[in-house]
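# Structural overview
Chain residues, written in single-letter form:
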Amino acid sequence: MGGGRVVALRTLSQPDLGQPESPERNGELVSSGPGWAELELTDGGAPIPAGTLVGFQTGEAICLGHVEAGQIRGGLHHLRIRVDHSLVLQDVSSIQAHWSQEQPN
């Protein structure tokens, strides 16, 4: 994953009963490497504390992990995320196509 791509981020902490699902946050992928990603939130929402479980999606992948650190830079909230699991969307499409071919009519 390279930098400069739009991402949708959601916190994955267990909501309290009766509480709505956490809202989707908007941001950009600043940089990434094996097992980590740095995001810049662009929606002006509240900071996300270290240790929070998160999931984010780019146009190419879905990633799950947790916030290692966060800081405010230039008025924007930057997050460093440890990526524990990622799934390339093109691979998902290939698997779905393969499975659909194997299904009996």
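Whatever comes next refers back to the structure up there.
In this report, the structure presented in the accompanying data block is examined. (Residues numbered from 1 in each chain as written. Predicted model: local features only at pLDDT ≥ 70, side-chain atom pairs only at ≥ 80, totals over all residues. Heavy atoms only, no water.)

### Looking at the overall build of the protein
Assigned secondary structure in the protein consists of one helix and six strands. Secondary structure elements in the protein, listed N-terminal to C-terminal, are β-β-β-β-β-β-α. Buried residues in the protein amount to 26% of all 105 residues. Pairs at least 24 apart in sequence give 48% of the contacts found in the protein among residues at least 6 apart. Taken as a whole, the protein presents about 6800 Å² of accessible surface, with 52% of it coming from carbon and sulfur. (Helix = DSSP H or I, 4+ residues; strand = E, 2+ residues; numbered from the N terminus. Buried < 20%, exposed > 50% of the residue type's maximum accessible area, 1.4 Å probe, protein only. Contact = heavy atoms within 4.5 Å. Areas by Shrake-Rupley, 256 points an atom, 1.4 Å probe, with all protein chains shown as cover.)

### Regarding the nonpolar core
Counting 15 residues, the largest nonpolar core has Leu9, Leu39, Ile48, Phe56, Leu79 and Ile81 as the members making the most contacts within it. Elements represented by at least two residues in this core include exactly strand 1 (5–11), strand 3 (36–41), strand 4 (53–57), strand 5 (61–73) and strand 6 (76–88). The contacts of Leu39, once residues within four sequence positions are left out, are Val7, Leu9, Glu28, Leu29, Val30, Phe56, His77, His78, Leu79 and Ile81. (Core = buried A, V, L, I, M, F, W, Y, C linked by side-chain atoms within 4.5 Å.)

### Considerations on the pattern of salt bridges
Counted according to the given criterion, the structure contains six salt bridges. Ionic pairing is found between Arg5 and Glu60, a salt bridge with its closest N-O pair at 2.6 Å. Note that Arg5 is positioned in strand 1 and Glu60 in the loop between strand 4 and strand 5, a separation of 55 residues in sequence. Classification of Arg5 by relative accessible area gives partly exposed; the value is 23%. We classify Glu60 as partly exposed; its relative accessible area is 37%. A salt bridge links Arg25 to Asp43; its shortest N-O distance comes to 2.7 Å. Residue Arg25 is found in strand 2 (residues 25–33), and its partner Asp43 is found in the loop between strand 3 and strand 4; the two are separated by 18 residues along the sequence. The exposure class assigned to Arg25 is buried, which follows from its relative accessible area of 11%. (Salt bridge = Lys/Arg side-chain N within 4 Å of Asp/Glu carboxyl O.)

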